Amino acid sequence: MPWPAGRTSMRLGDRRESSNVEDRRGIRYGRAGGIGLGTIVLALVAMYFGQDPNVVLQGMQEQGPVQEQQVPYQESATEAEARVLVSKVLADTEDTWGAIFASAGRAYEQPKLVLFSEGVQTGCGFGQSAMGPFYCPADHKVYIDLTFYQELKDRFGAPGDFAQAYVIAHEVGHHVQTLLGISEKTTAARQRASEAEANAISVRQELQADCFAGIWAHNADQSRPLLESGDVEEGLNAAAAIGDDRLTQGRAPPEAFTHGTSEQRVRWFKRGLDTGSMDQCDTFAARSL
């Protein structure tokens, strides 16, 4: 599939917004007994773009009930634009994966997308904005603080609406893995494995989610033209920006990687994008990533 160079915007103008968005922005959390949220230590790099929170958030279920307080929240104009974009992208993933599952004789369970600010209580434990976007298989929800998109632009050098869409599509890819039973199997396999082996399993799971993100883009564009000139470059740039080798700047050995190198993430995203085939996304059977 030839993709043109250049740059305009995705064709999202008149598309519907998903009804599966929960807005929890403005909710502040604390814990009884004086245990503050600042005591939570997170593996920040490992959490970017969707590593299983059941692993990373393990042990963060602090003693004492979580106390919630709703405070006024005023979104910026930039956040408002991002909110509409992620809602439309989520709706598009619903249509795409709904059709793919239907063609296989299955019903697609649509995930919820939760907008939050600073911190959020999930079925996988407590999450913070610093973790980046993530998917919780325990409650079938994608979580994102929209201020992440500014970091995606400034810190990772990956601006643009399709780069933002790729983030959502990747997390929805983890939801697809959960529906297919892949996430449960990989979690069990990691628990039986050594640290290095568990990391290698995680890499294959993340690369498959990248490939699934590519499948969404392929099928969405084929059935209802979505992409404009330059959009694909944005997605490839975003995939490359969050490779383990680039994030760690060479300070971590390959056996410590949990998401894959920039080259691997681009390769698998592009494979899904070019083929649109689930059969092409079996990273667990691949001899070479």
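For the structure, see preceding data.
Residues numbered from 1 in each chain as written. Predicted model: local features only at pLDDT ≥ 70, side-chain atom pairs only at ≥ 80, totals over all residues. Heavy atoms only, no water.

1. Re unusual backbone geometry
The test is simple: A helix here means a DSSP run of H or I that spans at least four residues, while a strand means a run of E at least two residues long, and both kinds are numbered starting from the N terminus.
With a phi close to 75 degrees, Glu-118 is a non-glycine residue in the positive phi region. Counting through the fold element by element, Glu-118 comes out in the loop between β4 (112-115) and β5 (119-122). The backbone of His-140 shows a phi angle near 60 degrees, a positive value even though the residue is not glycine. Residue position: His-140 is located in the loop between β7 (134-136) and β8 (141-144).

2. Notes on the sheet that holds strand β1 (residues 21-23)
Keep this limit in mind: Only strands that DSSP links by at least two bridges are regarded as paired with each other. Lines fitted to C-alpha atoms define the axes here, with helix axes fitted over just the stretch in contact, and angles between the N-to-C directions of these axes take values from 0 to 180 degrees. Contacts were defined at the residue level, with two residues in contact if any of their heavy atoms lie within 4.5 Å.
Pairing is mixed across the open sheet formed by four strands, whose spatial order is β1-β4-β8-β7. Every other strand in the sheet has two partners, leaving β1 and β7 as the edge strands with one partner each. This sheet shows a mean twist of 25 degrees between the axes of neighbouring strands, independent of strand direction. Pairing analysis gives four bridges linking β4 to β8, with the strands arranged parallel. If you follow Lys-112 over to β8, its bridge partner there is Lys-141. Each of β1 and β4 touches helix α3 (residues 77-103); the most contacted strand, β4, lies at about 170 degrees to it. The strands that helix α5 (residues 161-179) touches are β4, β7 and β8; relative to β7, the one it contacts most, it runs at about 25 degrees.

3. Describing the packing of α3 against α5
Put simply, the rule reads: Comment on the angle field: the value is read as roughly parallel under 35 degrees, roughly antiparallel over 145, roughly perpendicular from 65 to 115, and oblique elsewhere. For any helix crossing, the convention is left-handed if the near helix is rotated counterclockwise from the far helix by under a right angle, and right-handed if that rotation is clockwise. By the convention adopted, Pro, Cys, Tyr, Trp, Phe, Met, Ile, Leu, Val and Ala count as nonpolar, Lys, Arg, Asp and Glu as charged, and the other residues, Gly among them, as polar.
At a minimum axis separation of 9 Å, α3 and α5 run at an interaxial angle of 40 degrees. In terms of orientation, α3 lies oblique with respect to α5. Considering the relative orientation of α3 and α5, their crossing is right-handed. Taking contact as the criterion, the partners of Ala-82, Leu-85, Val-86, Val-89, Leu-90, Thr-93, Trp-97 and Phe-101 in α3 are, on α5, Asp-161, Gln-164, Ala-165, Ile-168, Val-172, Val-176 and Leu-179. Looking at side-chain class alone, the contact of α3 with α5 contains twelve nonpolar, two polar and one charged residues.

4. Some points on the nonpolar core
Selection rule: What is meant by a nonpolar core is a set of buried Ala, Val, Leu, Ile, Met, Phe, Trp, Tyr and Cys residues, joined one to another through side-chain atoms within 4.5 Å. Partly exposed residues are those whose accessible area sits between 20% and 50% of the maximum for their type, while under 20% is buried and over 50% is exposed, using a 1.4 Å probe and protein chains only.
Counting 50 residues, the largest nonpolar core has Trp-97, Tyr-149 and Trp-216 as the members making the most contacts within it. Put simply, the parts of the chain that give this core at least two residues each are α3, β4, β8, α4 (148-154), α5, α7 (195-223), α8 (231-241) and α10 (262-275). Here this core gets ten residues from one element, more than from any other, and that element is α5. The next biggest cluster of nonpolar side chains, apart from the first, holds eleven residues, and it includes Val-120, Cys-124, Met-131 and Tyr-143.

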